[in-house]
Amino acid sequence: MLSVEAVSKRFGGLLAVSDVTMRVAPGSISGLIGPNGAGKTTLFTMISGFERPTSGRILFDGRDITGTAPEVLAAAGIARTFQIVQPFAGLSVIENVAVGAYLRHPGRREALARAEAVADLVGLGSLGQPASSLTVAGRKRLELARALATEPRLLLLDEVLAGLNPSEIRDIIPVVQAIRASGVTILMIEHVMQAVMSLCEHVHVIANGQTIASGAPSAIVGDPKVVEAYLGHGAAERLAGRAAHG
Ligand SMILES: Nc1ncnc2c1ncn2[C@@H]1O[C@H](COP(=O)(O)OP(=O)(O)OP(=O)(O)O)[C@@H](O)[C@H]1O
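Residues numbered from 1 in each chain as written. Predicted model: local features only at pLDDT ≥ 70, side-chain atom pairs only at ≥ 80, totals over all residues.

- An unreviewed UniProt entry lists the protein under the name ABC transporter ATP-binding protein, from Phreatobacter aquaticus.

Some remarks on the overall build of the protein
Part 1 of the reasoning: When its secondary structure is counted, the protein shows 10 helices and 10 strands.
Part 2 of the reasoning: Taken over the C-alpha trace, the protein has a radius of gyration of 19 Å; the compact-globule value for 246 residues is 18 Å, and the two agree within 12%.
Part 3 of the reasoning: Taken along its principal axes, the extent of the C-alpha atoms in the protein is 60 × 40 × 30 Å.
Part 4 of the reasoning: Counting only residues that meet the buried cut, the protein has 39% of its 246 residues in that class.
Part 5 of the reasoning: Excluding contacts between residues fewer than 6 apart, the proportion of contacts in the protein whose partners are at least 24 apart in sequence is 64%. (Helix = DSSP H or I, 4+ residues; strand = E, 2+ residues; numbered from the N terminus. Rg over C-alpha atoms; globule rule 2.2 N^0.38 Å. Buried ≥ 20, exposed ≤ 12 C-beta atoms within 10 Å, placed from the backbone. Contact = placed C-beta atoms within 7 Å.)

Some words on the site of the ligand
Part 1 of the reasoning: Taken together, the neighbourhood of the ligand is formed by Phe11, Leu14, Ala16, Gly34, Asn36, Gly37, Ala38, Gly39, Lys40, Thr41 and Thr42.
Part 2 of the reasoning: Of all the secondary-structure elements, those providing two or more residues to the shell around the ligand are strand E2 (14-24) and helix H1 (40-47).
Part 3 of the reasoning: Examining the composition of the shell around the ligand, we find that three residues originate from one element, H1, more than from any other.
Part 4 of the reasoning: Tallied by class, residues from the shell around the ligand come to four nonpolar, six polar and one charged. (Near = placed C-beta within 6 Å. Nonpolar A, V, L, I, M, F, W, Y, C, P; charged D, E, K, R; others polar.)

Concerning the sheet that holds strand E7 (residues 154-158)
Strand pairing in a sheet is mediated by backbone hydrogen bonds. Such pairs are either parallel or antiparallel.
Part 1 of the reasoning: If you walk across this open sheet you meet the six strands as E6-E7-E8-E3-E9-E10, and the pairing is mixed. With one partner strand each, in any of the chains shown, strand E6 (78-80) and strand E10 (210-215) form the two edges of the open sheet. Across the sheet, the mean angle separating the axes of adjacent strands is 15° when strand polarity is ignored.
Part 2 of the reasoning: Sheet contacts for H1: strand E3 (29-33), E6, E7, strand E8 (185-189) and strand E9 (202-207); angle to E7, the most-contacted strand, approximately 150°.
Part 3 of the reasoning: Together, E3, E7 and E8 form the strand contacts of helix H6 (residues 166-181), whose direction differs from that of E8 by roughly 145°. (Pairing = 2+ DSSP bridges. Axes fitted to C-alpha atoms, helices over the stretch in contact; angles between N-to-C directions.)

Details of the UniProt feature "domain: ABC transporter" (unreviewed entry) in the protein
Part 1 of the reasoning: Residues annotated in UniProt with the feature "domain: ABC transporter" (unreviewed entry) correspond here to residues 2-233.
Part 2 of the reasoning: Its end C-alpha atoms 33 Å apart, residues 2-233 is made of 38% helix and 25% strand. (UniProt positions renumbered as here; feature names shortened; annotations may be inferred.)

Considering the sheet that holds strand E4 (residues 55-60)
Part 1 of the reasoning: On the basis of which strands lie adjacent, the open sheet formed by four strands has the order E2-E1-E4-E5 and antiparallel pairing. The open sheet has two edge strands with one neighbour each: E2 and strand E5 (63-64).
Part 2 of the reasoning: Taken together, the five bridges between strand E1 (residues 2-11) and E4 define a ladder with antiparallel strand orientation. In the strand pairing of E4, Glu5 is matched with Arg57.
Part 3 of the reasoning: Running over the sheet, H1 touches E1, E2 and E4 and is turned about 115° from E1.

Regarding the packing of helix H3 (residues 93-101) against helix H4 (residues 108-121)
Part 1 of the reasoning: One way to put it is that H3 packs onto H4 with a least axis distance of 8 Å and a crossing angle of 110°. Here H3 lies roughly perpendicular to H4, going by the angle between them. Facing Ile94, Val97, Ala98 and Ala101 of H3, the residues of H4 in contact are Ala111, Leu112, Arg114, Ala115, Glu116, Val118 and Ala119.
Part 2 of the reasoning: Along the lines of polarity and charge, the residues of the contact of H3 with H4 split into nine nonpolar, no polar and two charged. (Parallel < 35°, antiparallel > 145°, perpendicular 65-115°, else oblique.)

Quick word on the confidence of the model for the protein
Part 1 of the reasoning: Scored by pLDDT, the protein comes out at a mean of 91, with 96% of its residues at no less than 70.
Part 2 of the reasoning: For this predicted complex, the interface score ipTM comes out at 0.95, alongside a pTM of 0.91. (pLDDT = per-residue confidence, 0-100.)

Things to note about the nonpolar core
Part 1 of the reasoning: By size, the foremost hydrophobic cluster in this structure holds 65 residues, and its most contacted members are Val97, Ala115, Ala145, Leu148, Leu155 and Ile186.
Part 2 of the reasoning: In terms of domain composition, this core takes at least three residues from each of domain 1 (1-77 + 152-212) and domain 2 (85-151). (Core = buried A, V, L, I, M, F, W, Y, C linked by C-beta atoms within 7 Å. Domains from an automatic or database assignment.)

What about the domain arrangement of the protein?
Part 1 of the reasoning: In terms of domain boundaries, the protein breaks down into domain 1 (1-77 + 152-212) and domain 2 (85-151).
Part 2 of the reasoning: Spacing between the C-alpha centres of domain 1 and domain 2 amounts to 22 Å.
Part 3 of the reasoning: Counting residues at the interface gives 12 residues for domain 1 and 13 residues for domain 2.
Part 4 of the reasoning: Every element with two or more residues in the side of domain 1 that touches domain 2 is listed here: helix H2 (70-76) and H6.
Part 5 of the reasoning: Its residues assigned to classes, the side of domain 1 that touches domain 2 shows nine nonpolar, two polar and one charged.

What follows is the structure, given as structure tokens:
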């Protein structure tokens, strides 16, 4: 469904993403992980059309979408969430969700009906309250609902679990699964490994802008290159030594 081909992004002297190639299969939940500053958000920014790659191509359903504007991509079926959630504070929760729904339902009544269905799917309550009254967990659900209301086929989730406590994370995992079950393909940036392990079929790992591993979560966690990227040089060996000595 999504194919990133040898994509690089340079900001002045900094190569934020370097020659990354990855694929997302239709109907899958895939993860994009890596240490802070690895280039994950920059990759999302390019896939969703907010930045143009310095080189390489991005294909969606086999069509070259490199450098296509975000609103055109939204209409084509790509939606993203943002790490920093900024709802329209003066609007109610349901009106915020309806902002996304207007993309395909120009009439207010239809947009609100669509927004209510999506709010229900993600377990968002307090629909008539101002969005500014929501807790962090509520805002995360609102961000999810806003993106989903555009009726995407590919949903890019940028750390939707960040800032949530363990029980809130447990509550939102089935929501992500329900979104996939409704026919939406998901690519998620996530630092919460427990969630990555339970949700993703495939994980792509980048560090310093480059791909260092790609595969099933169970293979990724044992990959010495991944352990090193997260825990520092020599970590894989130290851990192996500790395991060997009980
Ligand atoms: N617009 C920009 N201009 C200049 N440098 C940028 C820009 N956007 C990102 N960068 C730099 O590119 C690198 C990759 O950043 P990016 O936000 O993609 O990393 P990340 O993997 O998403 O990190 P995190 O997990 O901390 O969100 C960083 O060094 C960052 O400072």
